[in-house]
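Remarks on the overall topology
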Amino acid sequence: MNQRFALPSSATTLERGAARHDPFRSRRAAATAAAVCALAVALAGCGGTTKNDNDNGGAAKSDAKADPGAPLKKGLKLAFLPKQINNPYERIVDEAGITAAGELGGKGKEVGPSDASASSQVSYINTLVQQRQDAILIAANDPNAVCGPLKQAMKKDIKVVAYDSDTAPACRQLFINQASSEEIGRSQVQHLAKQLDYKGQIAILSATQNATNQNTWIRFMKDELSKPAYKNMKLVKTVYGDDDDQKSFQETQGLLKAYPKLKGIIAPTTVGIAAAARYISGSSYEGKVVLNGLGTPNQMRKYVKDGTVEQFALWDPKKLGYLGSYAAAALASGQITGAEGEKFKAGKLGEYTVGKNGEVILGPPTVFEKSNIDKYHF
């Protein structure tokens, strides 16, 4: 990411990776995580995806009654926990959310791990619970590994909002989804198919194997590919770059060497698509392999302009973070509980309605190409 938008002077200070800079806090957080794991080991184990935690029976239930007319609480503490602290896309989301927290008269911060492994977020959740945050907003690395501590947070009346990548529904009150998961997954295949004239071998370069959003999109991609229109297209491999630039670069290289007839790659991850574009642009595959997926305009601008990539898509990550803060504030203020049909106002974005299983959808993604990419700067 080459450009970061400046926060206004009234906004709160970004507290990035606080636990990493305080060794004593890190030790306390690690000790807390170890204690939680030891306590839970007889039930489900710690740090991985477990079947017992995967409760798909709907968003976490609350006995509280919504009061749409309740005033927004002042001084709210909202903590953003991204999949990875140094992910450029999630930095944009979180900074926008922190700015929105300031508009609401509250304080926002971002803390999180430097890696996107399944259990890496657990100690941060435990620390945020100890700090008595009013709401935790999390982009989950794994839908179930974070459930234990998130449920403990909700028991202490700390609101939990998933964004970008969902937890199991029982482990949060709301999920702020950037767009319809089905629309994202199917459209990725549709766009690539048109570019390939519906012929050839294709591959998927994903983020992590446990990422909820990636796996949901890929499920819809595979279902779309099963339709008769795609009978001459074949998905040969799905690989994982772990939202790491160098690994994504190497996985792209490996795909193209292993499958010399490969015609297209879908990379539904901003880190992955940028790394793949960088590899293809300097290789003999430039102009021969079509790359599509999800990326930010600032990352992908040069690859669109030099012809490496014809098009890609994304929603506005600033709006996603902004909506997340307003949703968390509405929850923490008692205006909503996360039940289907409830409505809340999200500042300049207008009114939103909570859908099934506590899902709130930001809106449809935008397709970027040469004709419009210079209109966007994020």
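As shown above, the structure is provided for reference.
An account of the accompanying structure is given in this report. Nothing here was measured: the structure is a model prediction, and the numbers come from that model.

This paragraph deals with the pairing of strand β7 (residues 233–240). Here strand β6 (residues 200–206) pairs with β7 via seven bridges, running parallel. Bridging across to β7, Gln201 finds its partner in Lys234. Regarding topology, helix α7 (residues 212–225) serves as the crossover connection from β6 to the parallel β7, and that connection is right-handed.

This part covers unusual backbone geometry. Positive phi is not limited to glycine here, since Asp164 has a value of about 70°. Within the secondary structure, Asp164 sits in the loop between β4 (159–163) and β5 (174–177). Judged by its relative accessible area of 3%, Asp164 is buried. The backbone phi angle of Asn357 is positive, close to 60°, even though this residue is not glycine.

So, on to the sheet that holds strand β9 (residues 290–293). Here we have four strands laid out as an open sheet, ordered β7-β6-β8-β9, and parallel in their pairing. Where the open sheet ends on each side, the last strands, each with one partner, are β7 and β9. Strand-to-strand twist of the sheet, defined as the mean angle between neighbouring strand axes without regard to direction, takes the value 20°. Helix α9 (residues 270–281) rests against β6, β8 (262–267) and β9 of the sheet, and its axis sits at about 165° to β9.

Turning our eyes to something else, we now look at the sheet that holds β5. Strands pair in a sheet through their backbones, by hydrogen bonds, and they do so in one of two ways: parallel or antiparallel. Across the sheet, which stays open at both edges, the six strands sit in the order β2-β1-β3-β4-β5-β13 with parallel pairing between neighbours. Strands at the two margins of the open sheet, each flanked by one partner only, are β2 (107–110) and β13 (359–361). Recorded for the sheet is a direction-independent mean angle of 20° between the axes of neighbouring strands. The sheet contact formed by β5 and β13 spans three bridges and is parallel. Residue Asn177 lies in a different strand from β13, and its bridge partner there is Ile361. In the packing of helix α3 (residues 88–103) onto the sheet, the strands contacted are β1 (77–81), β2 and β4, and the crossing angle to β2 comes to about 165°.

Moving on to the state of the cysteines. In this structure the tally under the stated criterion is one disulfide. Residue pairing for Cys147: its cysteine sulfur links by disulfide to Cys171, the two sulfurs lying 2.0 Å apart. Handedness of the Cys147-Cys171 disulfide follows from its S-S torsion of about 95°: it is right-handed. In this pair, Cys147 is assigned in helix α5 (residues 147–155) and Cys171 in the loop between β4 and β5, connecting sequence segments 24 residues apart. When its relative accessible area of 0% is taken as the criterion, Cys147 is described as buried.

Within the fold, Ala118 resides in the loop between β2 and α4 (122–130). With a relative accessible area of 15%, Ala118 lands in the buried category.

Here the structure, examined in full by the defined rule, presents 12 salt bridges. Two residues, Lys83 and Asp243, come together in a salt bridge whose shortest N-O distance is 3.9 Å. With Lys83 in the loop between β1 and α3 and Asp243 in the loop between β7 and α8 (245–258), the pair connects residues that are 160 residues apart, well separated along the chain. Residue classification places Lys83 among the buried residues on the basis of a relative accessible area of 5%. A relative accessible area of 9% means that Asp243 is categorised as buried. For Glu182, the salt bridge goes to Arg186, with nearest N and O atoms at 2.8 Å. Placement of the pair is Glu182 and Arg186 together in helix α6 (residues 181–196), with a separation of four residues, close to one helical turn. The class for Arg186 is buried, based on a relative accessible area of 13%. One connected set of salt bridges, linked through shared partners, spans Glu182, Arg186, Asp223, Glu224 and Lys227.

Another point: the pairing of β6. On a regular strand, each side chain points to the face opposite its neighbour's, so the side chains alternate between the two faces of the sheet. Counting buried positions along β6 gives five out of seven residues, so the element sits mostly inside the fold. Here β6 runs beside β8; their pairing, made up of four bridges, is parallel. The partner of Ile204 across the bridge, within β8, is Ile266.

What counts as what
- Residues numbered from 1 in each chain as written.
- Predicted model: local features only at pLDDT ≥ 70, side-chain atom pairs only at ≥ 80, totals over all residues.
- Heavy atoms only, no water.
- Pairing = 2+ DSSP bridges.
- Helix = DSSP H or I, 4+ residues; strand = E, 2+ residues; numbered from the N terminus.
- Right-handed = clockwise from strand over helix to strand, strands pointing away.
- Buried < 20%, exposed > 50% of the residue type's maximum accessible area, 1.4 Å probe, protein only.
- Axes fitted to C-alpha atoms, helices over the stretch in contact; angles between N-to-C directions.
- Contact = heavy atoms within 4.5 Å.
- Disulfide = S-S within 2.5 Å.
- Salt bridge = Lys/Arg side-chain N within 4 Å of Asp/Glu carboxyl O.

Bear in mind that shape data such as this cannot, by itself, settle questions of function.
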